[in-house]
Amino acid sequence: MEPVRYVSPSGEVLQELPLTRQELLHGYRALVRARVFDERAIVLQRQGKLGVYPPYRGQEAAQVGAVLALEPEDWLVPSYRESAAALTHGLAMHQVVLYWRAHPAGWRFPDDARVLPFAIPIATQLPHAVGIAHAGTYQARPWVAMTFIGDGGTSEGDFHEALNFAAVFDAPAVFVVQNNGWAISVPTERQMRNARVADRAAGYGIPGVVVDGNDLVAMWTVARQAVERARAGEGPTLIEAVTYRLAPHTTSDDPSRYRDEDEAKRREAEEPVRRLRALLEARDWWDDEREEALVGEIHAEIAEAVRLADEAPEPTPESIVEHVFADMGPDQRAAWEVLRAR
Ligand SMILES: Cc1ncc(C[n+]2csc(CCOP(=O)(O)OP(=O)(O)O)c2C)c(N)n1
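Only a predicted model underlies this, so the values are computations on that prediction, with no experimental measurement involved.

### Concerning the side chain of threonine 251
Argument step 1. Along the chain, threonine 251 turns up in the loop between β7 (237-242) and α8 (261-267).
Argument step 2. A relative accessible area of 10% means that threonine 251 is categorised as buried.
Argument step 3. Look past the residues within four positions of threonine 251 in its chain and what remains in contact with it is Gln45, Arg46, Gly51, Val52, Tyr53 and Pro55.

Written out as structure tokens, the structure is:
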């Protein structure tokens, strides 16, 4: 299976583009917003303004491209790597800041964006997404649930259960696997025998597509087809976005302990933001002036998001148990009372 690709790493168009100029510019702006946020988040973490943060440098197109195929009524069910996906699906930026600050106000995402909180336990988000997708069918509500997982996460039992259930019930779910080459220090070839994660789709009787995950056009196009298929009641699709994690696993990780960092430097040549910019510039649709203005706007948006996050009230000790159940049971209440008395 060759990855679907429309744009080469150096920005050449390889086949007729299925996106309009407006869509390409919209996609590029979303990519740059994702990139600048990620860079800034690492700085904030180093300043002690965020807790542990999982960066996604190199994976922006895999997330942004896929999510651009969603409608506002569709659900995004992300894992920890998907801050870019959440921002693109309309989650307020200060909410993302609060989440990575581990502030209780960041634990429950507001209802105006259909984004679940980032799942840290690997693969647990997949059954959640299938449940949401199936609930939509059950209630005759036409939403699609898109969920993300890493290559390593596909070795978990939840991956199997979610895909099998979704396949059997034609749940309107889209599974996006970001195959970024690594599961912390475990390379993909130590994770599975399959050449492609997408090959696993055959085991569930659903379509599997391999995409160049650093090509925004390819990601958006393939995701759009999967979303349309799901919305038409034809069932789920497994998309394997082949990408590369240029960043450390998290801000607590040192990748030089397990991988040749020259590899990461070499893989910079394939990264998605420069690739799309080259395409736009070749058509005179983008230039340094526009780039500077856009980056300035994004920095202002981030500063405002941090300001809003700073305004959230200081968490109380008991807030740590407040979000466990909607109605506190006796154990939860007892813990809450002990913490409240401190
Ligand atoms: C159930 C569970 N087991 C182990 C971990 C610890 N852990 C965090 S990230 C990770 C590797 C995940 O790799 P992958 O699925 O490829 O995603 P990536 O981090 O590359 O985006 C592991 C084992 C966890 N969070 N949850």
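Don't stop here, the text continues.
### Thoughts on the packing of helix α1 (residues 21-46) against helix α10 (residues 288-311)
Argument step 1. With their axes 10 Å apart at the nearest point, α1 and α10 run at an angle of 50 degrees to one another. Classified by the interaxial angle, the pair formed by α1 and α10 is oblique. Between α1 and α10 the crossing geometry is right-handed. Every residue of α10 that contacts α1 at Tyr28, Arg29, Val32, Arg33, Val36, Phe37, Arg40 and Leu44 is listed here: Glu291, Leu294, Val295, Ile298, His299, Glu301, Ile302 and Val306.
Argument step 2. Residues that form the contact of α1 with α10 fall into these classes: 10 nonpolar, one polar and five charged.

### Observations concerning the sheet that holds strand β2 (residues 145-150)
Argument step 1. With parallel pairing, five strands are arranged side by side in an open sheet as β1-β2-β3-β7-β6. The open sheet is flanked by β1 (75-77) and β6 (208-212), the only strands paired with a single partner. When the angles between neighbouring strand axes are averaged without regard to direction, this sheet yields 20 degrees.
Argument step 2. Examined bridge by bridge, strand β3 (residues 173-179) and β7 share six bridges and lie parallel to one another. Note on β7: the bridge partner recorded for phenylalanine 175 is leucine 238.
Argument step 3. Along the sheet, helix α7 (residues 216-231) contacts β2, β3, β6 and β7; its crossing angle with β7, the most-contacted strand, is approximately 170 degrees.

### Structural notes on α7
Argument step 1. Between the first and last C-alpha of α7 there are 22 Å, a value that for 16 residues agrees with the 22 Å anticipated at 1.5 Å per step.
Argument step 2. Residues of α7 that are buried include every one of Leu216, Val217, Ala218, Met219, Trp220, Thr221, Val222, Ala223, Ala226, Val227 and Ala230, and no others.
Argument step 3. Where α7 begins, the side chain of aspartate 215 points an oxygen toward the backbone nitrogen of valine 217, at a separation of 3.0 Å.
Argument step 4. Positive backbone phi, approximately 85 degrees, marks glycine 233, located one or two places after α7.

### Description of the packing of α1 against helix α9 (residues 272-282)
Argument step 1. The interhelical angle for the contact between α1 and α9, taken along N-to-C directions, is 150 degrees, at an axis separation of 10 Å. By the criterion of interaxial angle, the relationship of α1 to α9 is roughly antiparallel. In the packing of α1 onto α9, the handedness of the crossing is left-handed. Contact residues: α1 offers Leu24, Leu25, Gly27, Tyr28, Leu31, Val32 and Arg35, while α9 offers Pro272, Val273, Leu276, Arg277, Leu279 and Leu280.
Argument step 2. Looking at side-chain class alone, the contact of α1 with α9 contains 10 nonpolar, one polar and two charged residues.

### A few points about the site of the ligand
Argument step 1. Taken together, 15 residues lie near the ligand, and Tyr80, Arg81, Gly152, Gly153 and Trp182 sit nearest.
Argument step 2. A distance of 3.0 Å separates a nitrogen atom of the ligand from a polar atom in the backbone of isoleucine 122.
Argument step 3. Separating an oxygen atom of the ligand from a backbone N or O atom of glycine 152 is a distance of 2.8 Å.
Argument step 4. Protein chains shield 70% of the accessible area of the ligand, which is 580 Å² for the free molecule.
Argument step 5. When grouped by side-chain class, the residues that make up the shell around the ligand number seven nonpolar, five polar and three charged.

About the thresholds
- Residue indices follow the written sequence of each chain, beginning from 1 at its first position.
- For a predicted model such as this one, the threshold for reporting local features is a pLDDT of at least 70, and the threshold for listing and counting side-chain atom pairs is 80 or more; totals across whole chains, interfaces and linings nevertheless cover every residue.
- Just so you know, side-chain values use all the structure's heavy atoms and leave hydrogens and water out.
- Going along the chain from the N terminus, every DSSP run of H or I of four or more residues is numbered as a helix, and every run of E of two or more is numbered as a strand.
- Exposed residues in this analysis have more than 50% of their type's maximum accessible area, buried residues have under 20%, and partly exposed residues fall in between, with area computed by a 1.4 Å probe over protein chains only.
- Contacts are residue-level and defined by heavy atoms, with any inter-residue pair within 4.5 Å sufficient.
- Axis lines are fitted to C-alpha atoms, over the contacting stretch for helices. Their N-to-C directions set the angle, which ranges from 0 to 180 degrees.
- In these notes the angle categories are as follows: under 35 degrees is roughly parallel, over 145 is roughly antiparallel, 65 to 115 is roughly perpendicular, and the rest is oblique.
- Crossing handedness is defined as follows: a turn of the near helix away from the far one that is anticlockwise and smaller than a right angle gives a left-handed crossing, while the clockwise case is right-handed.
- Ten residues, namely Ala, Val, Leu, Ile, Met, Phe, Trp, Tyr, Cys and Pro, are considered nonpolar, four, namely Asp, Glu, Lys and Arg, are considered charged, and the remaining ones, Gly among them, are considered polar.
- Two strands form a pair only when DSSP identifies at least two bridges running between them.
- Helices are assigned an expected span. That span is 1.5 Å times one less than the residue count.
- Residues adjacent in sequence count toward polar contacts only when both atoms are side-chain atoms; beyond that, a polar contact is any pair of N or O atoms within 3.5 Å, and within protein one must be able to donate a hydrogen and the other to accept it.
- Near residues are defined by distance, with any heavy atom within 4 Å of the molecule or strand qualifying the residue.
- For every accessible area listed, the method is Shrake-Rupley and the probe measures 1.4 Å; residues are considered covered only by the protein chains on display.

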